[in-house]
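Survey of secondary and tertiary structure
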Amino acid sequence: MHRGFAAGLVAVALGGCAQLKVTYSSDPPGATLYENGRPLGYTPYTLNYGSSPIESFKRGQCVALTGTSVKWASGAEASATNLTVCPTQGLSQSYSFIRPDVPGREIDAQFALQLEQGRQSAALIYQQNLIQQQRNAILERQRIDQMNRTVNCTSMATGPYSVNTRCQ
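These lines cover the structure that appears in this document, whether it is placed above or below. (Residues numbered from 1 in each chain as written. Predicted model: local features only at pLDDT ≥ 70, side-chain atom pairs only at ≥ 80, totals over all residues. Heavy atoms only, no water.)

1. A few points about the pattern of salt bridges
Under the criterion given, the structure shown has four salt bridges. The partner of Glu35 in a salt bridge is Arg38, with the nearest N and O atoms 3.6 Å apart. Looking at Glu35, the relative accessible area reads 14%, which means it is buried. Across the pair Lys58 and Glu55 runs a salt bridge, and its minimum N-O distance is 3.7 Å. Of this pair, Lys58 and Glu55 both sit in helix H2 (residues 52-58), three residues apart, roughly one helical turn. (Salt bridge = Lys/Arg side-chain N within 4 Å of Asp/Glu carboxyl O. Buried < 20%, exposed > 50% of the residue type's maximum accessible area, 1.4 Å probe, protein only. Helix = DSSP H or I, 4+ residues; strand = E, 2+ residues; numbered from the N terminus.)

Structure, rendered in structure tokens:
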């Protein structure tokens, strides 16, 4: 394929409000991700790089990303100081940190397991809260409907001192 044509395809594909997303993972998962020494969260973690890399991608150019590193619970560390992303891999890319072969792998594996269990518990609590909110909304709607319901009554004299009233 002609280089100019390929660059043109990249430019068309990258139009609009596109942004580069890089998902950082680690083996084992659960290492703390740092960017320029600032902690961001536990891996896997996705960083959105905004429009700056997109302009380079439109020109068919690769982009060097800010240095990232990870630190596992055991203290083991790894870094990616010269990470480069290129438009041929698209707007959604990934990078995986491999834990160095140093003592403490069991600690990191256990931490990853606890973190996953915590995420599952948090997801279950979130789901239960959503269900409760839906129930509350239904009950509130029923209460409002009941208050706004029109009642039609008809009364009929059935004798000199009695009235029969029927409501619907």
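2. Looking at the nonpolar core
Leu20, Tyr24, Leu65 and Phe97 are the most contacted members of the largest nonpolar core, which totals 21 residues. Contributing elements (two or more residues each) for this core: strand S1 (21-27), H2 and strand S7 (77-80). (Core = buried A, V, L, I, M, F, W, Y, C linked by side-chain atoms within 4.5 Å.)

3. Points about the pairing of strand S2 (residues 32-35)
As paired strands, S2 and strand S3 (residues 38-42) are joined by four bridges and run antiparallel to one another. Across the sheet, Leu33 pairs through a bridge with Gly41, a residue of S3. Linkage of S2 to S3, two consecutive antiparallel strands, is achieved through a turn of two residues, within which Asn36 is found at a positive phi near 50 degrees. Summarising the sheet, S2 and strand S6 (residues 68-71) pair through four bridges and their orientation is antiparallel. Bridge pairing links Tyr34 to Ser69 in S6. (Pairing = 2+ DSSP bridges.)

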